[in-house]
Amino acid sequence: GNHTSKNGLFESAGSISDRAYLFLTDEELFQECISSLQFIIKIPKILGFEFQTILYVGNSRKKGTRGYRLFQEILKEAHLEYVTIQDPMVESQARIQLQIADSLGRWWDGPFLKIDSSVDLKAGMTCVVRSAFNSLERLVALCVEKDGGRWPFWLSPEQVRIIPVNASCEGYAQSIQDQLQQAGIRVGFDRKIAPLKERLHRSLAEQVPFVLLIGEQERQSSCVSCRTPRSPTCEQMGVQEFVNRMIELNGSKDSELKN
């Protein structure tokens, strides 16, 4: 994409990137490449990105190389539309590159799969390099830009924040935290000494998906009052009902991964 624009994302000065090196026999090569391609495609899909697939190859003399033919076959097997681009820098290292669109419609390099023929291996072995994220900073920036800082519930570092109205409600609030944690939910507990409105505003501004306000009324009724960044009012529900809803939302990751 055009990385010189003064709007949107910029090139990062540093980068954290993942690499998995697979040393495969001729018998393993095709199936492992199919599995790796399916794996890296899930990343932009579950995050809801628009993406395109590029098959990079070297100059025309090398279009018949083994890596190019192999990647053509696995892209066909995966029923994935792609664009072939000749790049002299690729040399003999054929590469499948997923590119992710930002809000301005520019394309940024994301996950990739490539054959690395520079690795000296014995006959019948091939080195395949897979990256699920490529630049982690860029992927995070694209997520923040796309959703305005609102992460998918299952990916949020803090999924629920509990705010007790006063000290007398902390015991009941703690019991709710214990139930949520036992259900595998990531919970924060706000014990800061500050006005309730200030604590609530800070939690919503930090885009915590669910904020629980626990006061005397909630303690006596064995319920919770729930706020979200997108809702202007509180919703009351039973504790178990809320826990079950969080478990259901947290499990939505599994259904997304299967699609």
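Starting from 1, residues in each chain are numbered consecutively following that chain's sequence as written. It should be noted that, the model being predicted, local features are given only for residues of pLDDT at least 70 and side-chain atom pairs only at 80 or more, the latter also being counted only at that level, while totals for whole chains, interfaces and linings use all residues. Computation of side-chain values: all heavy atoms of the structure, hydrogens and water removed.

What should I look at first to understand the overall build of the protein chain in this one?
Working definition: helices are DSSP H or I runs of at least four residues, strands are E runs of at least two. Numbering for both runs from the N terminus. Of regular secondary structure, the protein chain possesses 8 helices and 11 strands. Taken over 259 residues, the protein chain has a buried fraction of 40%. For the accessible areas, the method is Shrake-Rupley and the probe is 1.4 Å, while residue cover comes only from the protein chains on display. With an accessible surface of roughly 14100 Å², the protein chain has 51% of that area assigned to carbon and sulfur atoms. Only protein chains enter the area calculation, which uses a 1.4 Å probe; residues under 20% of their type maximum are buried, those over 50% are exposed, and those in between are partly exposed.

Is there a simple way to explain helix α3 (residues 136-147) in this structure?
Three or four residues apart is the spacing at which side chains of an α-helix point the same way, because the helix has 3.6 residues per turn. The span you would expect from a helix comes to 1.5 Å times its residue count less one. The terminal C-alpha atoms of α3 lie 17 Å apart, and with 12 residues this matches the ideal 16 Å at 1.5 Å per residue to within 8%. Any two residues having at least one pair of non-hydrogen atoms within 4.5 Å are treated as being in contact. Against the buried residues of α3 lie α1 (26-46), β4 (95-101) and β5 (107-115). In the stretch just after α3, G148 is the one whose phi turns positive, near 60 degrees.

I tried to follow the pairing of strand β9 (residues 210-214) on my own but got confused; where do I start?
In regular strands, side chains alternate between the two faces of the sheet. Most of β9 sits out of view: 5 of its 5 residues are buried. Side chains of β9 alternate between two faces, with F210, L212 and I214 and V211 and L213 buried alike. In this scheme, strands are said to pair when DSSP sees at least two bridges between them. In this sheet, β9 lies alongside strand β7 (residues 160-164) in parallel orientation, the contact comprising 5 bridges. For I163, the partnering residue across the bridge sits in β9 and is L213. Where β9 and strand β10 (residues 223-227) come together, 3 bridges link them in antiparallel fashion. Within β10, the residue paired with L212 across the bridge is C226.

Explain the packing of aromatic side chains here, please?
For any pair of aromatic rings, the description consists of the separation of the ring centres together with the inter-plane angle of the planes. Pairing of aromatic rings covers Phe, Tyr and Trp, the last through its six-membered ring, and needs centres within 6.5 Å; plane angles under 30 degrees mean stacked, over 60 mean edge-to-face, and all others mean tilted. Per the stated rule, a full pass over the model turns up 2 aromatic pairs. Arranged with centres 5.7 Å apart and planes meeting at 75 degrees, the rings of F153 and F210 form a pair that is edge-to-face. With F153 in the loop between α3 and β7 and F210 in strand β9, this residue pair connects regions lying 57 residues apart in the sequence. Each ring, one from F210 and one from F242, has its centre 6.1 Å from the other, and the planes form 80 degrees; the classification is edge-to-face. On the criterion of sequence distance, the pair formed by F210 in strand β9 and F242 in helix α7 (residues 239-250) is long-range, its members being 32 residues apart. Grouped by ring-pair contacts, the aromatic residues F153, F210 and F242 constitute a single cluster.

What am I meant to see in the pattern of salt bridges here?
Pairing between side chains becomes possible if they bear opposite charge and their charged atoms approach one another. Just to be clear on terms, a salt bridge is a Lys or Arg side-chain nitrogen sitting within 4 Å of an Asp or Glu carboxyl oxygen. Applying the stated criterion to the full structure yields 8 salt bridges. Where E206 meets R161, a salt bridge forms, and the shortest distance between an N and an O atom there is 2.6 Å. With E206 in the loop between α5 (196-205) and β9 and R161 in strand β7, this pair connects stretches of sequence that are 45 residues apart. Accessibility expressed as a relative area gives 43% for E206, which makes it partly exposed. Under the relative-accessibility criterion, R161 is labelled buried at 10%. Residue E235 is joined to R245 by a salt bridge in which the shortest nitrogen-to-oxygen separation is 3.3 Å. Of this pair, E235 sits in strand β11 (residues 235-238) while R245 sits in helix α7; the two residues are 10 residues apart in sequence, bridging distant segments of the chain. Judged by relative accessible area, which is 28%, R245 ranks as partly exposed. Through salt bridges with shared partners, a single ionic network connects E158, R161 and E206.

Would you explain the side chain of Q97 in this entry?
Secondary-structure assignment places Q97 in strand β4. Residue Q97 is classed as buried on the basis of its relative accessible area, which comes to 2%. A polar side-chain atom of Q97 sits 3.4 Å from the main-chain carbonyl oxygen of P111. Beyond its immediate chain neighbours, meaning those up to four positions away, Q97 contacts Q52, T53, I54, Y56, D109, G110, P111, F112 and N134. Nitrogen and oxygen atoms within 3.5 Å of one another constitute a polar contact, given that in protein one can donate a hydrogen and the other can accept it, and given that sequence-neighbouring residues count only through two side-chain atoms.

Read these as layout, nothing more, since geometry by itself doesn't imply function.
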